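Breakdown of the fold
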Amino acid sequence: MSKDAVDTAQAASPTVAAQTPADAGDAGYSKDLKARHVNMIAIGGAIGTGLFLGAGGRLHNAGPALAIAYLICGIFAFFVVRALGELVLYRPSSGSFVSYAREFLGEKGAYVAGWMYFLNWSTTGIADITAIALYTHYWSAFTDIPQWVLALIALAVVLAVNLISVKIFGEMEFWFAIIKVATLVAFMFVGIFLLATQHEVGGTTPGLGVVTDNGGVLPHGLMPVVLVMQGVIFAYAALELVGVAAGETAEPEKVVPRAVNSIMWRVGLFYVGSVVLLALLLPGSVYSADESPFVTVLSKIGVEGAGDVMNLVVLTAAMSSLNSGLYSTGRILRSMAMAGSAPKFTARMNRSQVPYGGILLTCAVCVLGVGLNFLMPSQAFEIVLNVASLGIISTWVIIMICHLMFVRRAKAGLVARPSFRLPGSPVTEIVTIVFLLAVLGLMWNDPEVGRKTLLLIPVIAVMLVVGWFGVRRRVAKTQEQELAELTK
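Residues numbered from 1 in each chain as written. Predicted model: local features only at pLDDT ≥ 70, side-chain atom pairs only at ≥ 80, totals over all residues. Heavy atoms only, no water.

**So, the overall build of the chain**
Secondary structure assignment for the chain yields 23 helices and zero strands. Counting all 488 residues of the chain, 59% fall into the buried class. Within the chain, counting contacts between residues at least 6 apart in sequence, those at least 24 apart form 80% of the total. (Helix = DSSP H or I, 4+ residues; strand = E, 2+ residues; numbered from the N terminus. Buried < 20%, exposed > 50% of the residue type's maximum accessible area, 1.4 Å probe, protein only. Contact = heavy atoms within 4.5 Å.)

**Concerning the packing of aromatic side chains**
What the rule picks out here adds up to 14 aromatic pairs. Geometrically, the ring pair formed by Phe 174 and Trp 175 is edge-to-face, given 5.1 Å between the ring centres and 90° between the ring planes. Between Phe 187 and Phe 294 the ring centres are 4.8 Å apart and the planes differ by 90°, which places this aromatic pair in the edge-to-face class. Pair noted here: Phe 187 is in helix α10 (residues 166-197) and Phe 294 is in helix α17 (residues 293-300), with a separation of 107 residues, a long-range link. With respect to burial, Phe 187 and Phe 294 carry one shared label: buried. Here a set of aromatic residues connected by ring pairs shows up, and it is made of Phe 76, Phe 78, Phe 79 and Phe 435. Directly above the aromatic system of Phe 420 lies the positively charged group of Arg 82, at a separation of 4.0 Å from the ring centroid. (Phe/Tyr/Trp six-rings, centres within 6.5 Å; stacked < 30°, edge-to-face > 60°. Lys NZ or Arg CZ within 6 Å of the ring centre and 35° of its normal.)

**What about the pattern of salt bridges?**
In total, this model carries three salt bridges according to the counting rule given. We note a salt bridge from Arg 417 to Glu 86, for which the minimum N-O separation is 2.6 Å. Separated by 331 residues along the polypeptide, Arg 417 in the loop between α20 (380-411) and α21 (427-442) and Glu 86 in helix α6 (residues 66-90) bring together distant segments of the chain. (Salt bridge = Lys/Arg side-chain N within 4 Å of Asp/Glu carboxyl O.)

**Examining helix α9 (residues 147-162)**
For α9, which comprises 16 residues, the first-to-last C-alpha distance of 23 Å matches the rise-based estimate of 22 Å (1.5 Å per residue) to within 8%. All buried positions along α9 are accounted for by Gln 147, Leu 150, Ala 151, Ala 154, Leu 155, Val 158, Leu 159, Val 161 and Asn 162. Buried residues along α9 cover an arc of 165° about the axis, so they all sit on one side. (Expected span 1.5 Å × (residues − 1). Arc of directions from axis to C-beta.)

Structure (structure tokens):
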């Protein structure tokens, strides 16, 4: 329901005014996600394709300073998730930030938030199936299979699993996350051992000399580090899944703060720590966008099968990311459909209480990605990565704007803030928004992909405007019906 409708309902009835506005899209879900599921979904959101595959090309372009980029972006990512966590404790919703945008920014705000998030995850899904195909090509047995065929198979498998039930999704993400964390920890132990013993890696002796002898922390200057920022933001893109998952857990007030607060040390350990290790083990020029940097290292230390094992793990990470994307967009689209701003069929749920309509719509876009893998297999990953960055940056900006409006209402005595809060409000929100918009603007300095991506913004804006005019009557009718129910 929009903020205008809520205000009208509050004015009409003191009883209604005392109640928290509900999202019709939250009805019908099971509460089968346990604390361990949500905690591991948070970890899985912090460890995905952006680290396992994307870090290779970024290390090649930016050098060791990539670790600084991960740290800076990680801090702002934490602010976003902390703000979302506070909103979740105020009112848990499977519609997550789209539901909050509806309450604090109105139906237009929810419409923009939802479709930009859909853009993010549908294009991220394309990136994931591309990554899966690239990982599979690592093994010679699959080299002759076209990349687009492997991408299509991966999509079909994950779709089938996602439609079963949210409990199965939670279990899969739990074990996917366990595998990712255990492997990263094992790799870090191996990396530290190689450093401590000065064991050669591909003919290179690891240590600070690897950095100083190959151009230092900024081997190619500052600009390449700036240019990879949008890719680094993409690496953290799934952190907001905690907010969506909270709508299907029985005790969000206990689970969410623990999951959100643990994100910061995970970022420091897994992202910054692993990138520092990678930079100390091999020169950045050795890494490649076509191969996971972890596979590169393990393949060069002479341990037979190490690269194969790591490649299997990063394949799992990409499958996990795709699985999460289908999960989240299904819930977001259902919230929008119940308000009239998404196709009606995306509100449908199966017997297992899974919103299959929205999941199928996301898959339809991913099928277009299969076509992209057929036409441009070498460029598919970077193209969709940049488009996905537009979606995630807009989503994070909307979350921070919603939090600003929430705090403003709390100061006016209209809502109550939970004890779990974003520190430094409103400065934190404003600085985060400025940073995110700056990252977006800096993409202009990349004429090959970034500039072309920015030129898509007017196209996306026109599509959003045209789409709004197509759904506004249905939205208004739905809003009137909700208001009538509230004022009975």
